[in-house]
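Listed here are the chains, written in short residue letters.
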Amino acid sequence: MMTRRQRIIKLLEERDYSPGELAVALELRGRGAKKVILEDLKAIQKTLKHEGKVLLIKPAECRKCGFIFRPEINIPSRCPRCKSEWIEEPRFKITPK
């Protein structure tokens, strides 16, 4: 039986995922599902350094004006430029260094 973080690592080594897609793939439901995924990704990022792998982050982007956020492990709630809440979630993938 694999832990949730091990399953996340396995999924991210295959292809890129957003936090919402990971929550669905791991069958996590509820309001805090994405928050749990983001916390796991932060822990995974630290452990990958010891394994010679890296967590790639495609930054979040505003779908209205195209503003690109910093590549961080979080989901912005609002665009600083146009104040739109129509935000594309960041995407994550694991690759060897």
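Sequence order as written defines the numbering, with residues in each chain counted from 1. Thresholds applied to this predicted model are a pLDDT of at least 70 for local features of residues and 80 or more for the giving and counting of side-chain atom pairs; totals over whole chains, interfaces and linings are not thresholded and use all residues. To obtain the side-chain values, all non-hydrogen atoms of the structure were included, while hydrogens and water were left out.

Novice: What am I meant to see in the overall build of the protein chain here?
Specialist: Check the secondary structure of the protein chain and you find three helices and four strands. This radius of gyration counts C-alpha atoms alone. The globule rule is 2.2 Å times how many residues there are, raised to the power 0.38. Computed over its C-alpha atoms, the radius of gyration of the protein chain comes to 14 Å, within 12% of the 13 Å expected for a compact globule of 97 residues. Buried residues in the protein chain amount to 34% of all 97 residues. Counting contacts in the protein chain only where the partners sit at least 6 residues apart, residues at least 24 apart contribute 54% of the total. Accessible surface is estimated by sampling points in the Shrake-Rupley manner with a 1.4 Å probe; for residues, cover comes only from the protein chains shown. Accessible area for the protein chain stands at about 6,500 Å²; split by element, carbon and sulfur atoms hold 51% of it. When charges are counted, neither His nor the chain ends are considered; positive counts come from Lys and Arg and negative counts from Asp and Glu. Charge positions are represented by NZ for Lys, CZ for Arg, CG for Asp and CD for Glu. Charged side chains of the protein chain number 23 positive and 13 negative; the gap between the two group centres comes to 4 Å. Each helix is a run of DSSP H or I of at least 4 residues and each strand a run of E of at least 2, with the numbering of both proceeding from the N terminus. Residue exposure (1.4 Å probe, protein chains only): buried if accessible area is under 20% of the type maximum, exposed if over 50%, otherwise partly exposed. We call two residues in contact whenever any of their non-hydrogen atoms come within 4.5 Å of each other.

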